[in-house]
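# A look at the structure
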Amino acid sequence: MAVYGGIKLFAGRGSVPLAQAISKYIHIPLSGHDVIDFPNENIFVRLHSSVRGQDVYIIQTTSTPVSRNLMELLITLRTLKQDSADRVTAVVPYLCYARSDKKDQPRVAITARLVADLIEAAGADRYIFLDLHAGQIQGFFSVRGDVLTAFRILSGYFAKKKKKMHDPVIVTADLGFAKKGRNFAASLGCSMAFIEKRRKGNKSITEALTVVGDVDNHDVVIVDDEIDTGGTILQAVNTVKEYGARDVYVSFVHPVLSGSATERLAGLPVREFVTTDTVPIPDEKKALLGSRLVTLSVAPLLGEVIRRTHEGRSVGELFHE
Ligand code: R5P
């Protein structure tokens, strides 16, 4: 039973195709609103019709252009709240600054906490996120919400492929990701290996050190939460190849693909790059990876969770929990 007014869905400019796919999935049209960038870079948001008493979901990723997308999300949340929506949920498929989640050196900010405070202050009553860089970021929020994972979508893809693969091994490109990698391997019934990696200072430069586990003469699926500059994956692919891997696949949730990451990936001996649409991939980047790029949609997952949230039903059930 719905406890709030009707559902209203809004698409932020960072997530238009994904929001359209969610809208199609739950058979609720997107509501109209204007978003204008003024010459002084201030953003103006105006709703086409009232949301008074409604259960409203704003779908907006916070990938590039990060500051614009984040600010637009905040202004839209505030607009919805000030128009007397009953409940406003921020649906953020990719949350920016999630890697800035601790004070790991002197004189730095925990910016993920700042982003959480901003989202709440803007008016979010709930949040829905996907694969946060660190699950603990949920603790930065006082409002309730759900952090979902796209790993079942990605592992499901490989489950169908597994028979054609040569004794696949799941490899995590980052030790911080070992637990999720283990779940990925368990769901496929595969063994796993780890790459020990170190980041050099604050620059986006990484150094892969060694493989813990056996990849020799196995097909390998390297899993990670995101590809940003592509440095981690480049090192990981080269390392597993040095250790005797056969075909290499790369699977990651968030295709951030900053700067020349896609050119970097295109040059790697990788059979497929399997990712999702939490971050839109521009056509020119898609063209660089061609048929090796497989993009699986998170729209059915987000649509289902929006529907259940609206109806006050369990989300855990979706994950058999
Ligand atoms: C690291 O902590 C993450 O799990 C990813 O490995 C990282 O965000 C990827 O960044 P890049 O592509 O810049 O190496």
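Our structure's up above, just so we're on the same page.
All of these numbers come straight from a predicted model, not from anything done at the bench.

### Some details on the sheet that holds strand β4 (residues 55-59)
- Overall, parallel pairing links the five strands, which are arranged β1-β4-β5-β6-β7 in an open sheet. Strand pairing shows two members of the sheet lacking a second neighbour, β1 (7-11) and β7 (144-148), which therefore form its edges. Ignoring strand direction, the axes of neighbouring strands in this sheet form an average angle of 15°.
- With five bridges connecting them, β4 and strand β5 (residues 87-92) associate as parallel partners. Bridging across to β5, Y57 finds its partner in T89.
- The strands that helix α9 (residues 299-311) touches are β1, β4, β5, β6 (126-130) and β7; relative to β6, the one it contacts most, it runs at about 160°.

### Points about the nonpolar core
- If you look at the biggest cluster of nonpolar residues, it comprises 41 residues, and the most contacted ones within it are L9, I22, L148, F158, F184, L302 and I306.
- Once you skip the residues sitting within four places of it in the chain, L302 turns out to touch L18, I22, V91, P93, I128, L130 and L148.

### Observations regarding the packing of aromatic side chains
- Applying the stated criterion to the full structure yields nine aromatic pairs.
- Measuring from centroid to centroid gives 6.3 Å for F158 and F184, while their planes differ by 55°, and the two rings are tilted. With F158 in helix α4 (residues 151-161) and F184 in helix α5 (residues 178-188), this residue pair connects regions lying 26 residues apart in the sequence.
- A relative accessible area of 2% places F184 in the buried class.
- A network of ring pairs unites the aromatic residues F151, Y157, F158, F177, F184 and Y249 as a single cluster.

### Regarding the site of the ligand
- Taken together, 14 residues surround the ligand, and among them D224, D225, T229, G230 and T232 come closest.
- One nitrogen or oxygen atom from the side chain of T229 is found 2.5 Å from an oxygen atom belonging to the ligand.
- In the complex, the protein chains occlude 95% of the 380 Å² of accessible area that the ligand would expose alone.
- Where the shell around the ligand is concerned, the elements lending two or more residues are β9 (191-199), β11 (220-227) and α6 (231-242).
- Top element by residues in the shell around the ligand is β11. It accounts for four residues.

Procedures and definitions
- One numbering rule holds for all chains: residues counted from 1, following each sequence as written.
- Whole-chain, interface and lining totals are the exception, using all residues; otherwise, since this is a predicted model, local features are given only for residues with pLDDT of at least 70 and side-chain atom pairs are given and counted only at 80 or more.
- Side-chain measures were taken over the full set of non-hydrogen atoms in the model, leaving aside hydrogen atoms and water.
- Two strands are said to pair when DSSP picks up at least two bridges between them.
- Starting at the N terminus, helices and strands are each numbered in turn, a helix being any DSSP run of H or I of at least four residues and a strand any DSSP run of E of at least two.
- Lines fitted to C-alpha atoms define the axes, with helix axes restricted to the stretch in contact, and inter-axis angles between N-to-C directions lie between 0 and 180 degrees.
- The contact rule is simple, with two residues in contact once any of their heavy atoms fall within 4.5 Å.
- Think of a nonpolar core as a cluster: buried Ala, Val, Leu, Ile, Met, Phe, Trp, Tyr and Cys residues, connected wherever their side-chain atoms sit within 4.5 Å.
- Only protein chains enter the calculation, and the probe is 1.4 Å; a residue is then buried if its accessible area is under 20% of its type maximum, exposed if over 50%, and partly exposed in between.
- Geometry of aromatic contacts follows a simple scheme: Phe, Tyr and Trp rings, the Trp one being its six-membered ring, pair when their centres are within 6.5 Å, and the pair is stacked under 30 degrees between planes, edge-to-face over 60, tilted otherwise.
- The rule for a residue being near a molecule or strand is that one of its heavy atoms must lie within 4 Å of it.
- Throughout this description, a polar contact denotes any pair of N or O atoms lying within 3.5 Å of each other; where both atoms belong to protein, one of them has to be capable of donating a hydrogen while the other can accept it, and for residues adjacent in sequence the pair is counted only when both atoms sit in side chains.
- Surface exposure here means Shrake-Rupley accessible area, sampled with a 1.4 Å probe, where a residue is shielded only by the protein chains that are shown.

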